[in-house]
Amino acid sequence: MVADRPPCIGVLALQGGFAAHARMLEGLGAAVREVRVPADLQGLDGLVLPGGESTTMTLGIAREGLAEPLRELAAAGTPVLGTCAGLIMLDREHLGIMDTRAERNAFGRQVRSFEADLELPGISEPPAPPMRAVFIRAPWIAEHGADVEVLAAVDGHPVAARQGNAVVVSFHPELSGDDRLHRMLLELVAARDGA
Ligand code: GLN
């Protein structure tokens, strides 16, 4: 990114809740590009992997040959935000971008959807209000390596984490009208640009 143009943020748009992320990022002044094929990753300053259905998303990524280019983008230090199914896609058993293992639908059949107030360090900790987090058949992080910093947990299970330039949450920040995580992504992009 250069100072005289807005950051260009890609949103993986094979399936799932990409449109609400795009609206939120555009509301913050970013230029948004929907990502469907490897060429769409060219020149991106940041990337969002949205919620949706991780099996369908995995098949789409394989079909379009996106796995390796996505890994390269992340390995180059590009800030990445993964939400819900996006958290699953970044784990060891999928793209392998984070040293995590996600447990799908971890909150179980009886609690398919719920909301909780979360305090995320530097994002929604006092004196700022907590983040209202919407969980929809959400995963949690069942295992993670030492390089992964857990940012928030529900019932002792990590639901938000960071490893270097990758941040994941198992809820849907794009649905709550709270744009602080998207702001954080843009701040990571700006900090990298200024480095
Ligand atoms: N349960 C979904 C999956 O395992 C993820 C849910 C979501 O993204 N809201 O793919």
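Refer to the structure printed above.
So, here is what we can say about the structure in this document. (Residues numbered from 1 in each chain as written. Predicted model: local features only at pLDDT ≥ 70, side-chain atom pairs only at ≥ 80, totals over all residues. Heavy atoms only, no water.)

**Some remarks on the overall build of the protein**
Okay, so step 1: Scanning the protein for helices and strands turns up five helices and eleven strands.
Okay, so step 2: Along the longest, intermediate and shortest principal axes, the C-alpha atoms of the protein span 45 × 40 × 30 Å.
Okay, so step 3: Residues counted as buried form 49% of the 195 residues belonging to the protein.
Okay, so step 4: In the protein, the share of contacts with a sequence separation of at least 24, taken over all contacts with a separation of at least 6, comes to 66%.
Okay, so step 5: When the accessible surface of the protein is totalled, it reaches about 8,700 Å², and 50% of it is carbon and sulfur.
Okay, so step 6: Put simply, the protein has 17 plus and 26 minus side-chain charges, and the middle of one group is 5 Å from the middle of the other. (Helix = DSSP H or I, 4+ residues; strand = E, 2+ residues; numbered from the N terminus. Buried < 20%, exposed > 50% of the residue type's maximum accessible area, 1.4 Å probe, protein only. Contact = heavy atoms within 4.5 Å. Areas by Shrake-Rupley, 256 points an atom, 1.4 Å probe, with all protein chains shown as cover. Lys, Arg positive; Asp, Glu negative; His and termini not counted. Charge placed at Lys NZ, Arg CZ, Asp CG, Glu CD.)

**Regarding the pattern of salt bridges**
Okay, so step 1: The full count for this structure, using the stated rule, is 13 salt bridges.
Okay, so step 2: Across the salt bridge formed by Glu68 and Arg71, the nearest N and O atoms sit 2.7 Å from each other. A residue pair is termed a helical-turn pair when its members lie 3 or 4 positions apart in one helix, as Glu68 and Arg71 do in helix 3 (residues 67–75) at three residues.
Okay, so step 3: Here Glu68 falls in the partly exposed class, since its relative accessible area comes to 42%.
Okay, so step 4: Given the relative accessible area of 30%, Arg71 is considered partly exposed.
Okay, so step 5: Residue Arg92 is joined to Asp99 by a salt bridge in which the shortest nitrogen-to-oxygen separation is 2.8 Å.
Okay, so step 6: On the basis of relative accessibility, which here comes to 37%, the residue Arg92 falls in the partly exposed class.
Okay, so step 7: Asp99 sits in the partly exposed class, given a relative accessible area of 30%.
Okay, so step 8: Among the charged side chains, a salt-bridge network with shared partners connects Arg92, Asp99, Arg101, Glu103 and Glu143. (Salt bridge = Lys/Arg side-chain N within 4 Å of Asp/Glu carboxyl O.)

**Observations regarding the site of the ligand**
Okay, so step 1: Neighbouring residues of the ligand: Gly51, Gly52, Glu53, Ser54, Cys84, Ala85, Ile88, Arg104, Asn105, Ile136, Arg137 and His172.
Okay, so step 2: Asn105 is positioned such that a nitrogen or oxygen atom in its side chain is 2.6 Å from a nitrogen atom of the ligand.
Okay, so step 3: A distance of 3.0 Å is found between a nitrogen atom of the ligand and a backbone nitrogen or oxygen belonging to Arg137.
Okay, so step 4: For the ligand, whose free accessible area comes to 300 Å², the fraction covered by protein is 94%.
Okay, so step 5: Each residue belonging to the shell around the ligand can be placed in one class, and the counts come to four nonpolar, five polar and three charged. (Near = heavy atom within 4 Å. Polar contact = N/O pair within 3.5 Å; in protein donor to acceptor, adjacent residues only side chain to side chain. Nonpolar A, V, L, I, M, F, W, Y, C, P; charged D, E, K, R; others polar.)

**Points about the sheet that holds strand 10 (residues 157–163)**
Okay, so step 1: What the seven strands build is an open sheet, ordered 2-1-3-4-11-10-9; its pairing is mixed. On the outer flanks of this sheet lie strand 2 (31–35) and strand 9 (149–154), each paired with one strand and no other. Taking each pair of neighbouring strands and ignoring which way they run, the sheet shows an average axis angle of 20°.
Okay, so step 2: Alignment of strand 10 against strand 11 (residues 166–169), held across four bridges, turns out to be antiparallel. By the bridge assignment for strand 11, Gln163 is matched with Ala166.
Okay, so step 3: Relative to the sheet, helix 1 (residues 18–27) contacts strand 1 (8–12), strand 2, strand 3 (46–49) and strand 4 (80–83), its axis offset from that of strand 1 by approximately 165°. (Pairing = 2+ DSSP bridges. Axes fitted to C-alpha atoms, helices over the stretch in contact; angles between N-to-C directions.)

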